[in-house]
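Chain and residue survey
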Amino acid sequence: MNTVSASSATHRLQLAEVRLNLQGRELLRLSAELTAGEILCVMGPSGSGKSSLLAFLAGFLAPAFEASGAVLLDGRDVLQLPAEQRRIGLLFQDPLLFPHLSVGGNLRFALPAACPDKSARVEAALASVGLAGFAERDPATLSGGQKSRVALQRLLLSEPHAVLLDEPFSRLDTALRREVRSLVFQTLQAAGLPSVLVTHDPEDAEAAGGRVVQL
Amino acid sequence: MLLRAAPWLVIALLLAPVALGVGLTLLPAFGYLPVLGGDAFSLTPWRELLATPGLGRSVLLSLLAGVLTPLLALAIVLSFLAGASGSALERWLRRLVAPLLAVPHAAAAFGLAFLIAPAGLLSRLVSPALTGWERPPDLLIVNDPWGLAMMLALILKEVPFLLLMALAALPQCEPGPRVLLARSLGYRPAVAWVLCVLPALYPLLRLPVYAVIAYASATVDVAMILGPTLPATLSVSVLQWFSDPDLSLRFQAAAGAVLQLGITALAMLLWRLLEALAARAGRHWLATGQRARGEAALRHSGRLGVAFLLALAVGSLLALLLNSVAGFWRFPDALPGNWTLQTWSRALPEVLAPLGNTLLLAGLATCIAVTLCLAVLEAEARQGRRLAPALWLLYLPLLVPQIAFLFGLIVATEFLRWTPDARLVLFAHLLFVLPYVFLSLSEAWRHLDPRWSQLATTLGAAPWRSFWRIRLPLLLGPCLSAAAVGLAVSVGQYLATQLPGAGRVPTLTTEAVALAAGGNRGIIAVWALLQAAVPMLGFALALLLPRLLWRHRLGMRSTA
Amino acid sequence: MLRALTGLLLLALLATASRAATPDPSDWDAVQAEARGQTVYFHAWAGDPQINAFIAWAGEQLQAQHGVRLQHVKIADTADSVARILAERMAGNVDRGSVDLLWVNGENFAALKANELLYGPFAEALPNFPLVQADRFPEMREDFTMAVDGYESPWTRSRLVFYFDPDLLPEPPLSMAELLVWSQANPGLFTYPRPPDFLGSTFLKQALLELVVEREVLYAPVDPDQFEAITAPLWAFLDALHPTLLRGGRSFPGNGGELRRMLGDGEIALAFSFSPAEASAGILAGELPPTVRSFVPRGGSIGNVSFLAIPFNAPARAGALVAANYLLSPEAQARAYAPEVMGSTTVLSMDALSPADRARFEAIDPGPATLPPLALGEPLREPHPSWMEALEQAWLARYGVR
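Quick caveat: nothing in here was measured; it's all calculated off a predicted structure. (Residues numbered from 1 in each chain as written. Chains lettered and ligands numbered in written order. Predicted model: local features only at pLDDT ≥ 70, side-chain atom pairs only at ≥ 80, totals over all residues. Heavy atoms only, no water.)

1. Things to note about the overall build of chain B
From N to C terminus, chain B includes 25 helices and zero strands. The C-alpha atoms of chain B give 24 Å as radius of gyration, which agrees with the globular expectation for 560 residues (24 Å, within 12%). Dimensions along the principal axes, computed over C-alpha positions, put chain B at roughly 65 × 65 × 55 Å. Per-residue burial over chain B gives 59% buried out of 560 residues. For chain B, long-range pairs separated by at least 24 residues make up 80% of all intrachain contacts whose partners lie at least 6 apart in sequence. Just so you have it, chain B exposes about 22,000 Å², and 71% of that area is on carbon and sulfur atoms. (Helix = DSSP H or I, 4+ residues; strand = E, 2+ residues; numbered from the N terminus. Rg over C-alpha atoms; globule rule 2.2 N^0.38 Å. Buried < 20%, exposed > 50% of the residue type's maximum accessible area, 1.4 Å probe, protein only. Contact = heavy atoms within 4.5 Å. Areas by Shrake-Rupley, 256 points an atom, 1.4 Å probe, with all protein chains shown as cover.)

This is the structure we're talking about:
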């Protein structure tokens, strides 16, 4: 199954001398340049600051941390922008479909308010992952794999320019993991989105095929 | 930007009146009240206060109630939680306990009085078969000299409150994994709970417990209905001095109010000491490594305690119901000989206006309180840090005895030339509703998985959209529960309605109190039931509405 | 039972309406014209639902007949309203008071008059006042030995009447001495409300009037030096009585309503009240067994008149005058007389009424347990108000702490 990407533009993500300190101790220091479809893999033991890096990039860094450096997305400095304007998507370990919205509602939420043909786009997105007609379903009734697919489509519908992945496959069982992983990577690459993947699983790094940073 | 200022605005809103009120009560306490001819500071009010007979006893009673009530209530709640094995019975008990919260203190006290009095329902049920009584026994149960009946009524109301607070705070303490871990080390479940979960839970319960201490040591409604009379508790005596036709007693009353403040503070201090002792005992227990002793006691006392209280509550409700439809009810008949709907039919036309006022006040106060609390919590969430220390001030109206500052507050509004009307009453209600709503809402709000908000944000939603579309719906259940609590608090307010409204805003509670002065059991029962019905409705709505709304959303059910 | 918190309420209303003109009661037409459309806030004790219902009825009549809206402010204790009026006075509030009409007597009236808080004199100018025949019944001009001077108009008579359950007490005691003897032989069948409740204090006064050596001293202000000596018989009586009371004197009921309930439940055999029709009203209301009967002590019992007063700063003065006059009318007094309505003893003198009005009263059955007026006999006058306070203080000092 190929995903349909909403935009065929290419995006670039640059991390310049990004440093994270916690109580004076340096956690990580990173510089990277990611082009469209490239996946940067960040690996390390727990407590090494992997998730904090993602939080920093997305705009949720806890006040206890000190951060410095520059982050440019398509040439714009995203650190000046509030989190909701950065156009950086996030995939968590759990699909985290909003339980009070239907599947379609979840997808609709990702669409900008001004979008003209929401229903059509939602249906198209569902169809593209084999879940046509699931729009009115209760998210809690979906299987794990189905939820992941919906989460992915939700992410895409928000038209991000870069994507962060916080150990998104660690909760899945082995068989499902491979399937979802390949789907996610193919989709991201086809959509031309630079991605940062945080994981502790070397298989993920291998499948991503990009640069690997060890913390 | 307004949102950023919200916490401070709210704190000012609550702090100012209380501080002002206490200050303006302090002045007459030291002799300064030009209105009554007190032009100079003096210690005469204190001398008069200390000369009143029975003062020491009154003080002791207040102190005793202030410490014993939370002690027993907390003991029951904690042992219930410790011994909880997740059985169906326990879930039922928990669910049944919640509606008790709805009943205003005065109504609960009336119900209990009708149940346990010598001529009450209990006595009638067992006579003459088991006891041989043809006339009510000459026993001093209600108004007993050590305030035990009063404390029982207080415990009856405080156990559901503390249970609710504990349940709200429990998830944060990870009880499941901790107990499991301790059990794998050989500890019995209830002991494991006490040693591993309680230390994490108690700090979260501290504030509600202090609120209980404040209420128990300074209650007026319950003390008047069930408390000792010769002498009465300090708060009741203070009220009597305020109401005395001899107006020079006002100074003494103000001094008494200040003394009450001191007693409440002393009770809290004593409680701190008890906390330290309990902590030491707990550490000793840990050190000894005892794994099984106390297991049975914990299990049984918790369940027995809750079951006993529920039985009392049901009995009280039954007593109220029976009295409201009883004609002449001879002792020792177990059921009334004549039934009549006259009491209800005579009361109902009188009910409409007070009911309307009650609903309006409670509805508005709750809406405003919930809105303000949401604003504060949102501001907190967006700034990413807790304003916890400053927010303690939010609870000030709960920790200061009502008597000590409501009076001074009225004096302040007079100086500002504000009319006594429903708006002032609303403000006074808000002072008490807001802290309870915040107490109920804050834990749930703060422990919402932050990833929901993060997700919403990364999907491009501005903070307001994230709030309305994601956070609020996810926490609808807790919001409605908090609203129900606020509603109940507003309905039960007596002093806060009577004073600012100058008697012109009748509510269910003010009417019930006025009628209680006549001693007619049927009338009291009717009004008590009406008083309890409104908050019950609120709680029922809070339970049913989410269920209705999310009937197609399985993922939302677990939060109920 | 429960009392409102009172304090010094410095009320100042925003000036939104015009000042109340001072109506001249002698020009009754003008007063009635001015009263039309006014709202009268009537502060009256609300512990008895029957009284409340009567006041509501009176309100309907006033609206229909005079266009005056009577608003019953339900209070638990008259002293609260007194405090409010005082506070308003001190705040300089002379025309925006929150009380227009007040049901009052005794200590409260004394406090009001002493602090010059009343509007008046007006009572004797009311059109219905002559029906009271104050010359024949001087108690209409006197409130607890204090001269009314027209500052309050009579409304209802009160008389201390005892009532009892014949099943438990076949022959009631007719004096305090007999009461003591009976109570010692049958402990736990009697009690009285706890002073400073009005009824409880009245019991003390009644006992004192019976036991005191010389009654005249009670009608003069109390002399603190003589107090102990004069009241010694009372304390001796109570010291002997208390151990025989219900609950052994460790606890007392809070008011007359509780006393009535205790009789209905069979906890006590003897109770008393200020309303002669209390027993009948209780039977009709289903609170007392139908066999209950009333009596007065052999030597007579305390009686007084309760009044309606108008505070100095009442905004609806004309309306209050009209209301006070209406409550003094035969129509209202007759309705209040019926035990199923209120069972109150009228202040009107039958001789002063027209035959039609007299018939109104005669048509009403006062109830099986109500004593006919002749049997009530002459009332004992209330002692000076200072005695009440002194007795209450002394009682609290001696028995207030157990």
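There's more to say after this.
2. What about the overall build of chain C?
Counting its secondary structure elements, chain C contains 14 helices and 10 strands. For 402 residues, the compact-globule estimate of 2.2 N^0.38 gives 21 Å, and chain C sits close to it at 21 Å. When the backbone C-alpha atoms are referred to their principal axes, chain C occupies close to 65 × 50 × 35 Å. Burial analysis of chain C (402 residues in total) assigns 64% to the buried set. The contacts in chain C between residues at least 6 apart in sequence include a share of 82% that link residues at least 24 apart. Entry remark: accessible area of chain C is about 14,100 Å², with carbon and sulfur atoms responsible for 53%.

3. Topic: the interface of chain B and chain A
Counting from both sides, the interface comprises 24 residues of chain B and, opposite them, 28 residues of chain A. Between chain B and chain A, roughly 2,400 Å² of surface is buried when both sides are summed, and carbon and sulfur atoms account for 68% of that area. Close ionic contact of arginine 451 of chain B with aspartate 94 of chain A constitutes a salt bridge, the shortest N to O distance being 3.1 Å. Taken together, the links from chain B to chain A amount to five residue pairs in polar contact (both at pLDDT 80 or more). Elements with a contribution of two residues or more to the side of chain B that touches chain A: helix 19 (450-458), helix 20 (463-474) and helix 25 (554-557) of chain B. The leading source of residues in the side of chain B that touches chain A is helix 19 of chain B, at seven residues. Across the side of chain B that touches chain A, the residue classes break down as 13 nonpolar, seven polar and four charged. (Buried area = accessible area lost by both parts, 1.4 Å probe. Salt bridge = Lys/Arg side-chain N within 4 Å of Asp/Glu carboxyl O. Polar contact = N/O pair within 3.5 Å; in protein donor to acceptor, adjacent residues only side chain to side chain. Nonpolar A, V, L, I, M, F, W, Y, C, P; charged D, E, K, R; others polar.)

4. Some points on a positive patch on the surface
Residue and element names in this part refer to chain B. Among the surface-exposed residues, Arg91, Arg94, Arg95, Arg547 and Arg557 lie close enough to one another that they form a single positively charged patch. The dominant element in the positive patch, judged by the number of residues it contributes, is helix 4 (residues 88-100), at three residues. The topology assignment puts arginine 91 in helix 4. (Patch = residues over 30% accessible without salt bridge, like charges linked within 9 Å, V, L, I, M, F, W, Y side chains within 5 Å. Lys, Arg positive; Asp, Glu negative; His and termini not counted. Charge placed at Lys NZ, Arg CZ, Asp CG, Glu CD.)

5. Concerning the confidence of the model for chain C
Close reading of the predicted structure is inappropriate where its pLDDT is low. Residue and element names in this part refer to chain C. Taken as a whole, chain C shows an average pLDDT of 84; of its residues, 94% reach a score of 70 or greater. Contacts from residues 1-20, a stretch scored under 50 in pLDDT, to residues over four places away or in other chains number 78 contacts. Under the prediction, the complex receives an ipTM of 0.87, its pTM being 0.80. (pLDDT = per-residue confidence, 0-100.)

6. Comments concerning the domain arrangement of chain C
All names here are of chain C. Along its sequence, chain C is organised into domain 1 (24-157 + 304-368) and domain 2 (161-301 + 379-400). Each of domain 1 and domain 2 was reduced to a C-alpha centroid, and the two centroids are 28 Å apart. Facing the 16 residues of domain 1 at the interface are 20 residues of domain 2. For the pair domain 1 and domain 2, the summed buried area comes to about 1,500 Å², and 58% of that belongs to carbon and sulfur atoms. On the domain 1 side of the interface with domain 2, the three residues burying the most area are Glu107, Phe144 and Thr145, jointly 37% of the side's total. (Domains from an automatic or database assignment.)

7. Section: the environment of arginine 293 of chain C
Residues and elements named next belong to chain C. Tracing the backbone through its elements, the reader meets arginine 293 in strand 9 (residues 293-295). What makes arginine 293 partly exposed here is its relative accessible area of 33%. Separated by 255 residues in sequence, arginine 293 and glutamine 38 place their C-alpha atoms 44 Å apart. A polar side-chain atom of arginine 293 sits 3.3 Å from the main-chain carbonyl oxygen of proline 290.

8. What about the arrangement of the chains?
Of all two pairs of chains in contact, the one with the most contacts involves chains B and C. Without any contact between them, chain A and chain C keep their closest C-alpha atoms 48 Å apart.

9. Some details on the pattern of salt bridges
Taken as a whole, this structure holds 34 salt bridges over all chains when the rule is applied. Taking the shortest distance from any N to any O, the salt bridge between glutamate 17 of chain A and arginine 19 of chain A comes out at 3.5 Å. Given a relative accessible area of 30%, arginine 19 of chain A falls into the partly exposed group. One salt bridge in this structure joins lysine 113 of chain C and aspartate 149 of chain C, with 3.2 Å as the shortest N-O distance. With a gap of 36 residues between them, lysine 113 of chain C in helix 4 (residues 107-114) and aspartate 149 of chain C in the loop between strand 5 (146-147) and strand 6 (152-159) connect regions that are remote in the sequence. The partly exposed category is assigned to aspartate 149 of chain C, whose relative accessible area is 48%.

10. Overview of the packing of aromatic side chains
Residue and element names in this part refer to chain C. Scanning the model with the defined rule gives 30 aromatic pairs over all chains in all. A centroid spacing of 6.4 Å and a plane angle of 25 degrees characterise the contact between phenylalanine 54 and tryptophan 155, whose relative ring orientation is stacked. Here the residue phenylalanine 54 occupies a position in helix 2 (residues 49-66), and tryptophan 155 occupies one in strand 6, the gap between them amounting to 101 residues. Owing to a relative accessible area of 1%, phenylalanine 54 belongs among the buried residues under this scheme. (Phe/Tyr/Trp six-rings, centres within 6.5 Å; stacked < 30°, edge-to-face > 60°.)

11. Quick word on the sheet that holds strand 4 (residues 65-73) of chain A
All names here are of chain A. Spatial ordering of the open sheet is given by 2-1-4-5, a layout of four strands whose pairing is antiparallel. Strand pairing shows two members of the sheet lacking a second neighbour, strand 2 (25-34) and strand 5 (76-77), which therefore form its edges. The pairing of strand 4 with strand 5 spans two bridges and is classified as antiparallel. In the strand pairing of strand 5, leucine 73 is matched with arginine 76. Against the sheet, helix 1 (residues 50-58) engages strand 1 (13-22), strand 2 and strand 4, with an angle of about 120 degrees to strand 1. (Pairing = 2+ DSSP bridges. Axes fitted to C-alpha atoms, helices over the stretch in contact; angles between N-to-C directions.)

12. Here we look at the sheet that holds strand 9 of chain C
Residues and elements named next belong to chain C. The strand order across the open sheet formed by three strands is 8-7-9, and the pairing between neighbours is antiparallel. The open sheet has two free edges, formed respectively by strand 8 (270-273) and strand 9, since each of these has just one partner strand. Taken over all neighbouring pairs, the strand axes of this sheet differ in orientation by 35 degrees on average, direction set aside. Note that strand 7 (residues 161-164) and strand 9 share three bridges and pair antiparallel. Its bridge partner lying in strand 9, phenylalanine 164 is registered against arginine 293. Contacting strand 7 and strand 8, helix 8 (residues 256-265) crosses the sheet at an angle of about 150 degrees to strand 8.

13. Thoughts on the environment of alanine 236 of chain C
Residues and elements named next belong to chain C. By the element assignment, alanine 236 lies in helix 7 (residues 224-241). Taking the relative accessible area as the measure of exposure, alanine 236 reaches 47% and is therefore partly exposed. In this structure the C-alpha to C-alpha distance between alanine 236 and alanine 220, which are 16 residues apart in sequence, comes to 23 Å.

14. Regarding helix 19 of chain B
Summarising burial for helix 19 of chain B: seven of the nine residues are buried, a large majority. For helix 19 of chain B, the set of buried residues is Trp452, Ser453, Gln454, Leu455, Ala456, Thr457 and Thr458 of chain B. Of the surrounding secondary structure, the elements contacted by the buried residues of helix 19 of chain B are helix 1, strand 6 (88-91), helix 2 (103-110) and helix 4 (144-157) of chain A together with helix 20 of chain B. Glycine 460 of chain B lies just past helix 19 of chain B and shows a positive phi near 100 degrees.

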